[in-house]
Amino acid sequence: MAYKHAVTIEEALRSSGTVTVKGWVFRKRELKDKIFVVLRDSTGIMQLVFSRGTDAFYIAQRLNIESSLVATGVIKDEPRAPGGRELHVQSVDWYYVGHPYPINEDAAQADSEYLLDVRHLWLRSRKMQAVMKIRHTIFGAIHEYFRSRGYYEVQGPMFITAAVEGGATLFKVPYFDEQVYLTQSSQFYLEALIFSLEKVYTIAPSFRAEPSRTRRHLTEFWHAEAEMAWYHLDDLMRVNEELVSYIVSKVLDERSEELRLLGRKLEPLENIKPPFYRVSYDEAIEMLKRKGVKIEWGDDLGADEERLLTLQFDKPIQLYGFPEKTKAFYHRNDPQRPEITLSVDVLAPEGYGEIIGGGERIYDESELVSKIERFGLNPKDYQWYIDLRRYGSVPHSGFGLGVDRVVMWIAGLDHIRDAVPFPRDIRRIYP
Ligand code: 4AD
Ligand code: MG
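The structure presented is a predicted model; accordingly, all values stated were derived computationally and were not measured. (Residues numbered from 1 in each chain as written. Chains lettered and ligands numbered in written order. Predicted model: local features only at pLDDT ≥ 70, side-chain atom pairs only at ≥ 80, totals over all residues. Heavy atoms only, no water.)

## Looking at the packing of helix H6 (residues 126–147) against helix H8 (residues 233–254)
In step 1: The N-to-C vectors of H6 and H8 enclose an angle of 135 degrees; their axes lie 9 Å apart at closest approach. Between H6 and H8, the crossing angle belongs to the class labelled oblique. Of the two elements, H6 crosses H8, and the hand of that crossing is right-handed. Across the interface between the two elements, Ile134, Thr137, Ile138, Ala141, Ile142, Glu144, Tyr145 and Phe146 of H6 pack against Val239, Glu242, Leu243, Tyr246, Ile247, Lys250, Val251 and Glu254 of H8.
In step 2: Of the residues in the contact of H6 with H8, the class split is 11 nonpolar, 1 polar and 4 charged. (Axes fitted to C-alpha atoms, helices over the stretch in contact; angles between N-to-C directions. Helix = DSSP H or I, 4+ residues; strand = E, 2+ residues; numbered from the N terminus. Parallel < 35°, antiparallel > 145°, perpendicular 65-115°, else oblique. Left-handed = near helix turned anticlockwise from the far one by under 90°. Contact = heavy atoms within 4.5 Å. Nonpolar A, V, L, I, M, F, W, Y, C, P; charged D, E, K, R; others polar.)

## Quick word on the pattern of salt bridges
In step 1: If you walk through the whole model with that rule in mind, you get 34 salt bridges.
In step 2: With its nearest N and O atoms 3.1 Å apart, the salt bridge here joins Arg85 to Asp77.
In step 3: Since its relative accessible area comes to 59%, Asp77 is described here as exposed.
In step 4: The residue Asp387 makes a salt bridge to Arg390 at a minimum N-O spacing of 3.2 Å.
In step 5: Residue classification places Asp387 among the partly exposed residues on the basis of a relative accessible area of 31%.
In step 6: Given the relative accessible area of 47%, Arg390 is considered partly exposed.
In step 7: Taken together, the salt bridges that share partners define one network made up of Glu113, Asp117, Arg213, Asp425 and Arg428. (Salt bridge = Lys/Arg side-chain N within 4 Å of Asp/Glu carboxyl O. Buried < 20%, exposed > 50% of the residue type's maximum accessible area, 1.4 Å probe, protein only.)

## Description of the domain arrangement of the chain
In step 1: Taken domain by domain, the chain comprises domain 1 (2–96) and domain 2 (117–419).
In step 2: Summarising the inter-unit geometry, the C-alpha centres of domain 1 and domain 2 are found 46 Å apart.
In step 3: Listed per partner, the contact involves 9 residues of domain 1 and 4 residues of domain 2.
In step 4: Buried surface at the junction of domain 1 and domain 2, both sides included, amounts to about 520 Å², of which 42% is carbon and sulfur.
In step 5: Looking at the side of domain 1 facing domain 2, the largest losses of area belong to Arg40, Ser42 and Glu66, adding up to 56% of the total buried there.
In step 6: At the junction of domain 1 with domain 2, the criterion picks out 1 salt bridge.
In step 7: Between Glu66 and Arg124 there is a salt bridge, with the nearest N and O atoms lying 3.1 Å from each other.
In step 8: At the boundary of domain 1 and domain 2, one finds 3 residue pairs in polar contact (both at pLDDT 80 or more).
In step 9: Taken together, the residues of the side of domain 1 that touches domain 2 sort by class into 3 nonpolar, 3 polar and 3 charged. (Domains from an automatic or database assignment. Buried area = accessible area lost by both parts, 1.4 Å probe. Polar contact = N/O pair within 3.5 Å; in protein donor to acceptor, adjacent residues only side chain to side chain.)

Structure (structure tokens):
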């Protein structure tokens with residue numbers, strides 16, 4: 001590593017005497033005899049002061065926003081500088097001026113399409129840096145949660161031959177002489193693995209040919225999925241609320257500074273602890289009708305309905321018992337009330353809505369075959385999945401959590417694309 005003696009900006013702000021720092025120009029202000037450069041690295045920002053008459057001053061004059069440099073100087077207290085200290089530069093040890101930076105934060109914010117075009121550069125912004133740190137903590141928390149509770153991490157294939165979540169959102173891919181699809185969910189492969197490992201999870205991309213641009217849909221998203229042998233709906237709901245609470249508490253512990261930088265209110269997050277509210281689909285329909293929404297029993301809930309529901313609660317809702325036709329074929333029907341399924345969605349509060357979908361799976365062979373037929377699908381396409389029910393089948397449950405949606409909610413973002421470094425949707429596949 002070059003400049004081994006250099007310290008991070010975070011460390012520099014806590015040091016005294018002579019230090020070397022390295023990073024990128026975040027801001028620059030030129031006075032007659034002094035140049036103030038705010039330097040940015042992955043740990044923070046700090047003010048550098050260059051004084052006329054030094055070689056360093058003439059280099060500083062040439063620096064652009066986002067020019068890179070390594071500089072050595074003396075730390076001094078300065079209450080007006082970010083972090084309360086600044087570095088009086090004695091030498092510039094290395095630098096790269098580059099071109100004038102094409103993002104002017106004030107102008108750029110007004111045009112988010114432009115920021116998406118230059119996303120490869122916009123990732124350097126304080127906002128995206130904070131979001132990506134929160135995202136990092138969330139992925140870590142999911143792994144920690146499952147691994148500390150006896151789940152095995154597994155991986156399913158991305159190329160598949162039959163729909164998991166319905167044919168409408170399948171991406172077709174040429175595959176030698178055949179046509180295959182990109183997976184919408186690793187669920188079926190996780191189901192196969194429970195017969196070996198009992199409790200399994202994966203964090204993987206899922207793909208959906210979502211035809212519309214919304215605040216919460218991507219065509220490629222990160223999906224944390226788990227599947228548990230012997231678990232019923234109630235066991236599943238406990239996992240849902242424990243996992244979500246664990247993720248939130250981890251972010252509050254490790255990323256409060258980033259949340260503050262994003263202007264995220266902390267109180268709604270501090271409230272996220274089990275148990276969550278449990279609301280049946282039937283009750284939800286009644287609540288919505290009372291709010292004047294035109295909706296009938298049997299209708300699916302969209303983003304607007306979910307938003308209305310969540311605004312009535314101060315914690316996530318576990319919405320359970322959806323009608324058969326609103327959920328994919330693999331959901332087990334309630335033996336007491338066959339018109340509904342033993343399914344559950346978790347809706348994040350503050351209007352965010354669905355972050356988890358899951359439920360009990362059909363474990364009986366003939367029940368599964370007849371439901372596949374009832375849904376107008378061909379059992380031949382699901383042969384291996386049906387096969388799992390032919391040998392030692394057991395009750396089991398599982399769920400999928402949309403990681404990008406969780407990042408969006410926890411970071412308090414307006415749009416899911418800001419939760420992902422390189423978002424993909426119907427109109428965007430660059431950069
Ligand atoms: O509700 P979904 O479609 O359920 C499944 O795919 C199940 N097979 C999961 C399982 O039980 N293993 O998707 C699960 C979650 C949603 O709740 C949502 O958070 C997220 O995945 N999701 C999306 N996130 C971003 N963009 C999209 N287009 C998404 N579609 C689903
Ligand atoms: Mg869903």
